[in-house]
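Working through the structure, step by step
Residues per chain are reported as follows:
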Amino acid sequence: MKLLAISGSPRQASTNTALLNAIKRRAPLGADFFVFNQLNTLPVFSPDLEGDAMPQVMRKFIDQVALADGIIISSPEYIRAIPGGLKNAIDWMVSRYEVVGKPIALVHASHRDDDMLVSLRLVLRTVSEHFQEDNFLRIPLIGKTPEEVEAVIQTSNYEVDISKFLADFMARIEEIKQK
Ligand SMILES: Cc1cc2nc3c(=O)[nH]c(=O)nc-3n(C[C@H](O)[C@H](O)[C@H](O)COP(=O)(O)O)c2cc1C
């Protein structure tokens, strides 16, 4: 099963990317888990760039979305909203078919950022029929380095939470496929 994990933060030492990498390390056998943390490389959406005019880098990203059985998103809040890079990537998807039936779940690397989460949930409910709103994993990791993120997860009950989050998401993906 292919899982595409998108980090809303292109920052090198991002806690959201570190959380996705920690989840990847704990993914069960049979999960092909890819972390994408380069939203900053995607061009700004314009309807003029759809179709044949689509830049190659965008086509590659959309292919990754198309091939994924499910998408996991982890994002910071920027000025009480969805970071521009993440919203831009979603804007590219909205008039296309790839994301409509795609199971999507959120994880979050902070105890804050609820305004962004409210907005992102509304956006994801709008673009996907299968946004798994009730399956949400939140681990307070703000200000930590990637090494500290891994250490927190190893020395806590969060490994159990990660396993449950992934098992529930993968089971839901299988259910949706059967329909
Ligand atoms: C431009 C910018 C705007 C931010 N705005 C907010 C905000 O509105 N609310 C908040 O709680 N944190 C805000 N933050 C803090 C980030 O959400 C926080 O540092 C987060 O952990 C960064 O995620 P990352 O480690 O994945 O890069 C902002 C950070 C930046 C760089």
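To keep things clear, this report deals only with the structure shown in the data block. (Residues numbered from 1 in each chain as written. Predicted model: local features only at pLDDT ≥ 70, side-chain atom pairs only at ≥ 80, totals over all residues. Heavy atoms only, no water.)

1. So, the nonpolar core
Quick note on the threshold: Think of a nonpolar core as a cluster: buried Ala, Val, Leu, Ile, Met, Phe, Trp, Tyr and Cys residues, connected wherever their side-chain atoms sit within 4.5 Å. Accessibility here uses a 1.4 Å probe with only protein chains present; expressed as a share of the type maximum, an area under 20% marks a residue as buried, one over 50% as exposed, and anything in between as partly exposed. Working definition: helices are DSSP H or I runs of at least four residues, strands are E runs of at least two. Numbering for both runs from the N terminus. Whether two residues touch is decided by their heavy atoms; if any such pair falls within 4.5 Å, the residues are in contact.
In this structure, F61, I73, L120 and L124 are the most contacted members of the largest nonpolar core, which totals 29 residues. Listed by contribution, the elements that provide at least two residues to this core are β1 (2-7), α2 (56-67), β3 (70-74), α3 (84-93), β4 (104-108) and α4 (114-127). With 6 residues, α4 is the largest single contributor of residues to this core. L124 has contacts with I73, I90, I104, L106 and F131, leaving out every residue within four places of it along the chain.

2. Focus on the pairing of β3
Consecutive side chains along a regular strand alternate between the two faces of the sheet. To keep things clear, this is the line we draw: The pairing criterion is simple: DSSP has to find at least two bridges between the two strands. Looking down the strands as they point away from you, a crossover is right-handed if its path from the first strand over the helix to the second goes clockwise.
Extensive coverage of β3 is indicated by the burial of 5 of its 5 residues. Burial along β3 is two-sided: the face carrying G70, I72 and S74 and the face carrying I71 and I73 are both buried. Two strands pair when backbone bridges link them, and β3 and β4 are joined in this way by 4 bridges, in the parallel orientation. Residue pairing across strands places S74 opposite V107, the latter belonging to β4. Chirality of the crossover, the property in question, places the unit of β3, α3 and β4 among those that are right-handed.

3. Quick word on the site of the ligand
Here is the rule we go by: The criterion for a residue being near a molecule or strand is simple. One of its heavy atoms has to lie within 4 Å of it. What qualifies as a polar contact is a pair of N or O atoms within 3.5 Å, subject to a donor-acceptor requirement within protein and to the restriction that residues adjacent in sequence count only when both atoms come from side chains. When residues are grouped by polarity, Ala, Val, Leu, Ile, Met, Phe, Trp, Tyr, Cys and Pro land in nonpolar, Asp, Glu, Lys and Arg in charged, and all others, Gly among them, in polar.
Around the ligand there are 13 residues in total, and S9, R11, S14, T15 and E77 lie nearest to it. Take R112: an N or O atom from its side chain is 3.0 Å from an oxygen atom of the ligand. Here an oxygen atom of the ligand sits 3.0 Å away from a polar atom, N or O, in the side chain of D113. Split by residue class, the shell around the ligand holds 4 nonpolar, 4 polar and 5 charged.

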